[in-house]
Amino acid sequence: VKKDMVARVAESNQWKADSHNPFHTNAFDGTAEGSVSFTSSKYANDKYAKAIYEEISALSPGKDRGIKINNGLYEINAANAPTYYQEFEFHDNSKYSKWIVDNVDALGQAVARGYCKADGKEYIPPEGAYVEPDIEEPVVEETKPEEPEKETAKRNAFGQYGPEVELKFYEE
C-alpha cells in the first residue's frame, strides 16, 4: 500500500512512534551523488542520528554528504517523534539508480543496525537476509628463515646460504 507523506506522518503520530524514519532517494541534475540524513536542530547530535548515518554512509557508494539540519521538511516538522530523514543516493544519476534498486534491503538493514548500535544492542538480521561475513584480518607473523648449520653451508655472492655463485661480467 503506497501512502503519501501526510498519511505516513499521521500514522506515526497515531502510533506514538519512538522515532520517525522516512526513506527517500534524491534527485538533482543527473550528476549528483551521495547519501544524506536530515533531522531537526534538536536531534542533529543525538545517538540515533549519528549511528544510523554511520551505517548508511558505510554502505552508500557515493559521496558522504553527512547529517544536515533541515527544519523545512514536512516529515521533520509534522512528526511528533524525533525524525531521521534518509536520502539514499540520487535516483536521477544512472551510476547510482541501479545501486539503489539492488540495495533496498541492505539500506533498510543499515538503518536497523544503526538503531541497534545506538541502543547498544546486537543486530539480528531477518531470516534469509544477506549478511556480510565477518572476515578476520589474517595475522601475519614475522618469521626469519632458518639458517642452515654454518659448517655445511656458505653464503653466496648475494649473501644467501646456498651454492657458490660465480659472477661474471661480459664486455662487448
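Here the structure is a predicted model, which means the values were calculated and not measured. (Residues numbered from 1 in each chain as written. Predicted model: local features only at pLDDT ≥ 70, side-chain atom pairs only at ≥ 80, totals over all residues. Heavy atoms only, no water.)

(A) Seen up close, the packing of helix H2 (residues 47-59) against helix H5 (residues 104-119). At a minimum axis separation of 8 Å, H2 and H5 run at an interaxial angle of 140 degrees. For the pair H2 and H5, the crossing hand works out as right-handed. Mapping the contact onto sequence places Lys-47, Tyr-48, Ala-51, Ile-52, Glu-54, Glu-55, Ile-56 and Leu-59 in H2 and Ala-106, Leu-107, Ala-110, Val-111, Arg-113, Gly-114, Tyr-115, Lys-117, Ala-118 and Asp-119 in H5. When its residues are assigned to classes, the contact of H2 with H5 shows 11 nonpolar, one polar and six charged. (Axes fitted to C-alpha atoms, helices over the stretch in contact; angles between N-to-C directions. Helix = DSSP H or I, 4+ residues; strand = E, 2+ residues; numbered from the N terminus. Left-handed = near helix turned anticlockwise from the far one by under 90°. Contact = heavy atoms within 4.5 Å. Nonpolar A, V, L, I, M, F, W, Y, C, P; charged D, E, K, R; others polar.)

(B) Spotlight on the pattern of salt bridges. Applying the stated criterion to the full structure yields six salt bridges. Here Glu-55 makes a salt bridge to Lys-117, at a shortest N to O gap of 3.8 Å. Placement of Glu-55 in helix H2 and of Lys-117 in helix H5 is noted, with a sequence separation of 62 residues between them. Overall, the relative accessible area of 16% leaves Glu-55 in the buried class. In this structure, the salt-bridge partner of Asp-102 is Lys-98, at a minimum N-O distance of 2.6 Å. With Asp-102 and Lys-98 both in helix H4 (residues 94-102) and four residues apart, this pair spans about one turn of that helix. On the basis of relative accessibility, which here comes to 54%, the residue Lys-98 falls in the exposed class. One salt-bridge network, in which partners are shared between bridges, spans Glu-54, Glu-55, Arg-113 and Lys-117. (Salt bridge = Lys/Arg side-chain N within 4 Å of Asp/Glu carboxyl O. Buried < 20%, exposed > 50% of the residue type's maximum accessible area, 1.4 Å probe, protein only.)

On their own, these measurements won't tell you what the molecule is for.
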